[in-house]
Amino acid sequence: MTNKPYDDGNIFAKILRGEVPSHKIYEDAETFAFMDIMPRGDGHCLVIPKKPARNILDVDPDSLRAVMITVQKLSRAVMKAFNADGVTIQQFNEPAGGQVVFHLHFHILPRFEGVQLRPHTGEMADQAVLAANAEKIRKALAEF
Ligand code: AMP
């Protein structure tokens, strides 16, 4: 288990506290889902627990269970919203594992035959595009 403490100054903690805006897709008592601001593909979104957890190594099992249920909901919703051919789930732990933001999160990436993921450019997507994609996913969720 990691011995690194949770730092509530991370950007996702700020989003949960409403201090930083996000394109929210879904929320329940234990989880929150929103658009990734630098999407590696159209519809790239993130699911996080509300309860503080640095990553997979320290997350409370009940919180992880709730997150995975939301990951499944969102996976089904992005498949429908974007008429996708598949979905990739990614999750990184600690810097050596590729983690950059230290609040547990799962990436949900709708995938299309023959289309590669875009590289991490560090550039933010157009806010109007993110808003429109969030709306598409919310609509698909509401139709289940
Ligand atoms: P990683 O920790 O490697 O999974 O990377 C963090 C992810 O969070 C990247 O895909 C970023 O594009 C994304 N990200 C960083 N800041 C924000 C933000 N303010 N809103 C939405 N997504 C973000």
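Look up: the structure comes first, before these words.
Since we're looking at a predicted model, the values are computed, not measured.

Draft legend 1. Seen up close, the layout of surface pockets. When its volume is computed, the largest pocket comes out at roughly 560 Å³. Phe12, Asp36, Ile37, Met38 and Val101 are the residues nearest the centre of the largest pocket, which is lined by 26 residues in total. For the lining of the largest pocket, the secondary-structure elements that each account for two or more residues are helix 1 (11-16), strand 2 (31-35) and helix 3 (127-143). Considering only residue class, the lining of the largest pocket consists of 14 nonpolar, 10 polar and two charged.

Draft legend 2. Summary view of the site of the ligand. Residues in close proximity to the ligand total 17 residues, the closest being Asp36, Gly98, Val100, His105 and His107. Note that a nitrogen atom of the ligand is positioned 3.2 Å from one of the backbone N or O atoms of Ile37. Within the complex, 90% of the 510 Å² of free accessible area of the ligand lies under protein. Among the cavities detected, the one that contains the ligand is the largest pocket. In terms of residue count, the dominant contributor to the shell around the ligand is helix 1 (three residues).

Draft legend 3. Seen up close, the packing of helix 2 (residues 61-81) against helix 3. In the contact formed by helix 2 and helix 3, the axes pass within 8 Å of each other and the chain directions differ by 110 degrees. Accordingly, the angle class assigned to the pair helix 2 and helix 3 is roughly perpendicular. On helix 3, the residues that touch Lys73, Leu74, Ala77, Val78, Lys80 and Ala81 of helix 2 are Lys136, Ile137, Ala140, Leu141 and Glu143. Split by residue class, the contact of helix 2 with helix 3 holds seven nonpolar, no polar and four charged.

Draft legend 4. Spotlight on the environment of Asp62. Its location among the elements puts Asp62 in helix 2. On the accessibility criterion, Asp62 (46% relative accessible area) is partly exposed. C-alpha of Asp62 to C-alpha of Glu30: the two residues are 32 residues apart in sequence and 9.2 Å apart in space. Within the structure, Asp62 has its side chain in polar contact with the side chain of Arg65 (distance 2.4 Å).

How each quantity is defined
Residues numbered from 1 in each chain as written. Predicted model: local features only at pLDDT ≥ 70, side-chain atom pairs only at ≥ 80, totals over all residues. Heavy atoms only, no water. 1 Å grid on protein atoms, 1.4 Å probe; cavity = no way out; pocket = protein on both sides within 12 Å on 5 of 7 lines; lining within 4 Å. Points joined across faces, edges and corners; volume = space filled by probe spheres on them. Helix = DSSP H or I, 4+ residues; strand = E, 2+ residues; numbered from the N terminus. Nonpolar A, V, L, I, M, F, W, Y, C, P; charged D, E, K, R; others polar. Near = heavy atom within 4 Å. Polar contact = N/O pair within 3.5 Å; in protein donor to acceptor, adjacent residues only side chain to side chain. Areas by Shrake-Rupley, 256 points an atom, 1.4 Å probe, with all protein chains shown as cover. Sits in = over half its atoms within 2 Å of the grid points. Axes fitted to C-alpha atoms, helices over the stretch in contact; angles between N-to-C directions. Parallel < 35°, antiparallel > 145°, perpendicular 65-115°, else oblique. Contact = heavy atoms within 4.5 Å. Buried < 20%, exposed > 50% of the residue type's maximum accessible area, 1.4 Å probe, protein only.

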